[in-house]
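One letter stands for each residue in the lines below.
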Amino acid sequence: MRKKCKVYVGCILLVEALGALTGYFLQSGIDYYNANVVKPPFAPPSALFPIVWTVLYALMGYGLARILREEPFEQKTKCVILFIIQLFLNLLWCFIFFGKQEFGLAFFVLVALWLAIWLMFFAWKEADKTAAYLQIPYLLWVTYAGYLNFMIRIFNP
């Protein structure tokens, strides 16, 4: 039981830490974005983003732990690789969007992220349906982020 708990806590903390470090290193870009970038209709308040991402990163970490805890199966490596790819794209998008303020390029990275999440979802669904379904809020949020990113690019050429 203790080992199982460590896997869950470790995965959640790892993903949360990567998200927090990204936010820390991009704070000046985030501050600039909040103060200077024209936002589209239906953009949420800036205070909502860290709350949503904390929840989403926790769901990602919990899902990863469920995948890692599965009995050996032939696609576990594929599931973990897809997780790493989507997480890399997630963090890359943050650096391009907030750090570089390259909204057009960020949109294309976001599309790649969206596709990677779908690929991860289907791979995870074969291994652990619960782990996969826990990623639906993430997929929905990234879809919404796609709208925001696209509109921000239009409003801030």
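Our subject is the structure that appears above.
Quantities reported herein were computed from a predicted structural model and do not represent experimental measurements.

Asker: Sorry if this is basic, but what is going on with the nonpolar core here?
Answerer: Most often, soluble globular proteins keep nonpolar side chains buried together rather than apart. Grouped together as the largest cluster of nonpolar side chains are 45 residues, with contacts concentrated most on W53, M60, F83, W93, F97, W124 and Y138. Looking at this core, the elements with two or more residues in it are α1 (2-25), α3 (48-69), α4 (76-99), α5 (103-127), α6 (129-133) and α7 (136-155). When residues in this core are grouped by element, the largest group, twelve residues, is from α5. Aside from chain neighbours lying at most four places away, what touches Y138 is W53, L56, M60, Q86, N90, L113 and I117.

Asker: Quick question: what am I supposed to make of the packing of α1 against α4 here?
Answerer: When two helices pack together, their arrangement is given by the angle between the helix axes and the distance between those axes. Relative to each other, α1 and α4 sit at 15°, their axes nearing to 10 Å. In terms of orientation, α1 lies roughly parallel with respect to α4. Handedness of the crossing formed by α1 with α4: right-handed. Between α1 and α4, the contacting residues are V15, L18 and T22 on the first element and F83, L87, L91, C94 and F95 on the second.

Asker: I keep staring at the environment of I152 and nothing clicks. Help me out?
Answerer: Along the chain, I152 falls in helix α7. Given the relative accessible area of 1%, I152 is considered buried. Sequence separation of I152 and F103 is 49 residues, and the distance between their C-alpha atoms is 7.0 Å. The contact partners of I152, leaving out residues within four places of it in the chain, are Y33, V37, V38, P40, F97 and F103.

Asker: Sorry, what's going on with α1 here?
Answerer: In an α-helix there are 3.6 residues to a turn, and that puts residues three or four apart on one side. Counted at 1.5 Å a residue, the expected span for α1 with its 24 residues is 34 Å, and the 34 Å between its end C-alpha atoms agrees. Among the residues making up α1, those that are buried are Y8, C11, V15, E16, G19 and T22. Against the buried residues of α1 lie α3 and α4.

Asker: Looking at this structure, I do not really get the packing of α4 against α7. What am I missing?
Answerer: Where α4 contacts α7, the axes come no closer than 13 Å and their chain directions differ by 25°. The angle between the axes of α4 and α7 places the two elements in the roughly parallel class. Regarding α4 and α7, the two cross each other, and that crossing is left-handed. Across the interface between the two elements, Q86, N90, W93 and F97 of α4 pack against Y138, N149 and I152 of α7. Broken down by class, the residue content of the contact of α4 with α7 amounts to four nonpolar, three polar and no charged.

Asker: Is there a simple way to think about the environment of A132 in this case?
Answerer: Relative to the helices and strands, A132 is located in helix α6. Expressed as a C-alpha distance, the spacing of A132 and K78, which sit 54 residues apart in the sequence, is 14 Å. If near-sequence neighbours (up to four positions away) are discounted, A132 is found in contact with F121, W124 and K125.

The rules we used
- Residues numbered from 1 in each chain as written.
- Predicted model: local features only at pLDDT ≥ 70, side-chain atom pairs only at ≥ 80, totals over all residues.
- Heavy atoms only, no water.
- Core = buried A, V, L, I, M, F, W, Y, C linked by side-chain atoms within 4.5 Å.
- Buried < 20%, exposed > 50% of the residue type's maximum accessible area, 1.4 Å probe, protein only.
- Helix = DSSP H or I, 4+ residues; strand = E, 2+ residues; numbered from the N terminus.
- Contact = heavy atoms within 4.5 Å.
- Axes fitted to C-alpha atoms, helices over the stretch in contact; angles between N-to-C directions.
- Parallel < 35°, antiparallel > 145°, perpendicular 65-115°, else oblique.
- Left-handed = near helix turned anticlockwise from the far one by under 90°.
- Expected span 1.5 Å × (residues − 1).
- Nonpolar A, V, L, I, M, F, W, Y, C, P; charged D, E, K, R; others polar.

Interpretation in functional terms is not warranted from these geometric data alone.
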